[in-house]
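Coordinate analysis (summary)
Take a look at the letters that make up each chain.
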Amino acid sequence: MKTETKAVDINRNIGDFSYKVDYAKDAGTGLSDKTIHYISDVKEDPDWVREFRLRGLKTFLEKPLPTHWASKDLEAIDFDKIRYYLASGDAAKQTWEEVPEDIKRTFERLGIPEQERKFLAGVEAQFDSEAVYSNIKKAVGEQGVIFVGSTEGLKNHPEIFRKWFGKVIPIADNKFSALNAAVFSGGSFIYVPPGVKVKHPLQAYFRINAENFGQFERTLIIADEGSEVTYMEGCTAPKFETTTLHSAVVELVALKGAKIQYITVQNWSANVFNLVTKRGLAHEDAEIKWIDCNIGSRLTMKYPGVVLKGRKARGEVLSIALANNGQHQDTGAKMIHAADETTSNIISKSISIGTGRATYRGLVHVPKHLKNCKNNTECDALLINSTSRTDTYPAITVRGTGNAVQHEASVSQVSAEQIFYMQQRGLSEAQAMSLSVNGFVNDLVRQFPMEYSVELKRLIELEMEGSVG
Amino acid sequence: MNELRVENLHVAIDDQQIVRGLSLAVPRGEVHAIMGPNGSGKSTLAKVMAGHPDYHVTKGKITMDGEDLLALEADDRARKGLFLAFQYPSEVPGVTIANFLRAALQSRLPEGEELEATEYYARLYEKMELLGMDRSFTSRAVNEGFSGGEKKRTEILQLAMLEPKYAVLDETDSGLDIDALKVVARGVNTMRGPNLGVLLITHYQRLLNYIVPDHVHVMVQGRIVRSGGKELALELEERGYDWARAAADEPVLAR
């Protein structure tokens, strides 16, 4: 099935541009054993990584698309036309001065201000497949924190990397995790030593900047016993005419008593397929929190999860999805309780504008033999226009006694009376609408770091511009 | 002439005529009251003045200081100085009173100009004190879970902050106990002066003991049937709406 997705014409002054990049390393289009060997040769992969990739390819080719439950729109992806690997061929840059001028210009347009860098403990900015810039603040390095690109991680820190890589999300988890296993490049590797609390959030900006080019970053974060770390990931993709595939895998490991917070604000252009697998493994008394914000894209399928493996482990997913005209946000959360006294919390808010569609899919699993487990799930949907759509598919399995589960769902609409009331105070219809939407997500956004909540507010305003009048 | 003026107004909703040939003029600096029984079209008049999209003006004019209001969207009318205190104010979930009023004031500033935050909060707290509102109120979402009295007080707080040229108060007294009524009246009376014209819409005479109007109009079946001074309200209270209704056949042009 081939469907045309018409992008709503909204103001995307920021994020809607591309600069010419000299792609010195290019694997061509399509996917075969040859592609994998090409990537492994260029990246000088160790043998175990090459084998991992080949297993990934085999699994990817064997697995069918999940279109029996998911959107048929997945069938519109032409895997033969995608470019699976592209790199500038340069090694990761360590200082700002070494970053090429045209790439700096891209960052400028993205609004990554120089003064912001001082707030950031380290910036790992991915430009196409390879990290072209990576700078870790001295203080973080001195604490023994490793914050590098995944390629550098697997080469320079194999003793930690290999132990956890592909363990939280196995190759065969799903078709797209298998694809990522085959062709991954870029992404971050972070290791936080025992007891170290990283004060500033670590931050990475990811971008797609080539037509027909899929981005397959792979991130692995390990927080050792009693440590704490926050990672922030933000995307604004340039707009292209043809399909772009983004299929990342993110694995988190929180060892005993550790805390990981992973924050994503994604603003994909309306032609991107964003099919991401994100999962964390929480050991005893550890805490993993996903804050996930999805704006834009043609189809996003993403269900961040936490496997609560140790006693008293805690998992949380807070998510906001905004589906504009022609977009489908299929998002949710997975909480797998695998030990006593584990708790999980899911709060999901979605906004559908125009013909936009937001789907919530939740999976909560508490097996019979466990005691004193708790889950709370809330999902609220806001519909802006009469053509907007929302669906909720909660799958909650709680067995045994002494486990508590709570589920609340709501669907609401911004009423004409509410808009009139706000207009009577002087707000334009669009301002009234975007203030209402910001109000709807307000209690969630308050939990975001300051700079992200401001950015999100601005993004919502931009998205709302086309929805009225 | 600086006045809020309604001329021979006819309004229909779903083909039903609600307002039929109403005329009225509220000069800036005066307080006028419109009294009338249920179903006389009072609230429709208020909503039409503010620009509610559900009502159709089939005939007539509404002007503010000579400018045609009917040609403007609701938000344009508001920014030009027309305020409506709603009988049933809407909830705005998740948006705090402080943020809402800030956005409303910001919308009145020229592009590129930012509202000065410290001044804003100083003014906000001053007005809240006048209305006997606790400061913690600013962080509550607009009208969400408010009692009737709290909603009406919040309307008057917005009136005080937005400083319109003309304010239409639609049944602001309904659902208020006597103490809340006094507080609301004090708020309105403080704002009274040459810069504000007020149109009070009410069913009962009670409110007019606390906000004493300069003129009183009686509205029946979509028209003004009697106009007079403040004593008209007392006469109406005594003789009832049937007395006023008797005059409904012959429309009276106010002032």
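Residues numbered from 1 in each chain as written. Chains lettered and ligands numbered in written order. Predicted model: local features only at pLDDT ≥ 70, side-chain atom pairs only at ≥ 80, totals over all residues.

**Focus: the packing of helix α4 (residues 117-130) of chain B against helix α5 (residues 148-162) of chain B**
Residues and elements named next belong to chain B. The line we're drawing: Axis angles are defined between N-to-C directions and span 0 to 180 degrees, where every axis is a line fitted to C-alpha atoms and, for a helix, only to the segment in contact. Helix and strand definitions follow DSSP, with helices as H or I runs of at least four residues and strands as E runs of at least two, each counted in order from the N terminus. Angles below 35 degrees are treated as roughly parallel, those above 145 as roughly antiparallel, those between 65 and 115 as roughly perpendicular, and all remaining angles as oblique. Definitions for this section: a left-handed crossing has its near helix turned counterclockwise from the far helix by less than a right angle. A right-handed crossing has that turn clockwise. Contact criterion: two residues are in contact if their C-beta atoms, reconstructed from the backbone, are within 7 Å. In the scheme used here, Gly and all other residues not listed as nonpolar or charged are polar, with Ala, Val, Leu, Ile, Met, Phe, Trp, Tyr, Cys and Pro taken as nonpolar and Asp, Glu, Lys and Arg as charged.
Taken N-terminus to C-terminus, the directions of α4 and α5 make an angle of 135°; their axes are 10 Å apart at the nearest point. With respect to each other, α4 and α5 are oriented oblique. By crossing handedness, the relation of α4 to α5 is classed as right-handed. Between α4, through Arg 123, Leu 124, Lys 127 and Met 128, and α5, the contact on the second element is made entirely by Leu 157, Ala 160 and Met 161. Among the residues forming the contact of α4 with α5, the class breakdown is 5 nonpolar, no polar and 2 charged.

**Some details on the domain arrangement of chain A**
Residue and element names in this part refer to chain A. In plain terms, the rule: As used throughout, domain bounds are those supplied by an automatic or database domain assignment.
Along its sequence, chain A is carved into domain 1 (25-417) and domain 2 (418-469). Across the boundary between the two partners, domain 1 contributes 24 residues, which contact 20 residues of domain 2. Where the side of domain 1 that touches domain 2 is concerned, the elements lending two or more residues are β12 (259-268), β14 (287-296), β17 (314-323), β19 (343-352) and α9 (416-424). A class-by-class count of the residues in the side of domain 1 that touches domain 2 yields 17 nonpolar, 5 polar and 2 charged.

**Overview of the pairing of strand β13 (residues 272-282) of chain A**
Successive side chains on a regular strand alternate, one facing one side of the sheet and the next facing the other. Residue and element names in this part refer to chain A. Heads up, the condition is: The burial label depends on the number of other C-beta atoms within 10 Å of a residue's C-beta. Counts of 20 or more mean buried, 12 or fewer mean exposed, and intermediate counts mean partly exposed, with C-beta atoms placed from the backbone. Strand pairing is defined by DSSP finding a minimum of two bridges between the two strands.
Burial of β13 is extensive: 11 of the 11 residues sit out of reach of the surface. Both faces of β13 are covered, namely the face carrying Val 272, Asn 274, Val 276, Lys 278, Gly 280 and Ala 282 and the face carrying Phe 273, Leu 275, Thr 277, Arg 279 and Leu 281. Across 3 bridges, strand β10 (residues 244-246) lies against β13 in parallel orientation. Looking across to β13, one finds that Thr 244 is bridged to Val 272. As judged from the 6 bridges shared by strand β11 (residues 249-254) and β13, these two strands associate in the parallel manner. From the neighbouring strand, Ala 254 faces β13, where its bridge partner is Ala 282.

**Observations concerning the interface of chain B and chain A**
Every contact between the two is made by 22 residues of chain B and, on the other side, 18 residues of chain A. Of all the secondary-structure elements, those providing two or more residues to the side of chain B that touches chain A are α2 (74-79), α3 (97-106) and α5 of chain B.

**Details of the sheet that holds strand β5 (residues 67-68) of chain B**
Residue and element names in this part refer to chain B. One open sheet accounts for 4 strands, arranged β2-β1-β4-β5; its pairing is antiparallel. Each end of this open sheet is capped by a strand with a single partner; those strands are β2 (16-27) and β5. Where strand β1 (residues 3-13) lies against β2, 9 bridges are found, and the strand directions are antiparallel. The residue of β2 that forms the bridge with Leu 4 is Val 26. Running at roughly 70° to β2, helix α1 (residues 42-50) makes contact with β1, β2 and β4 (56-64) of the sheet.

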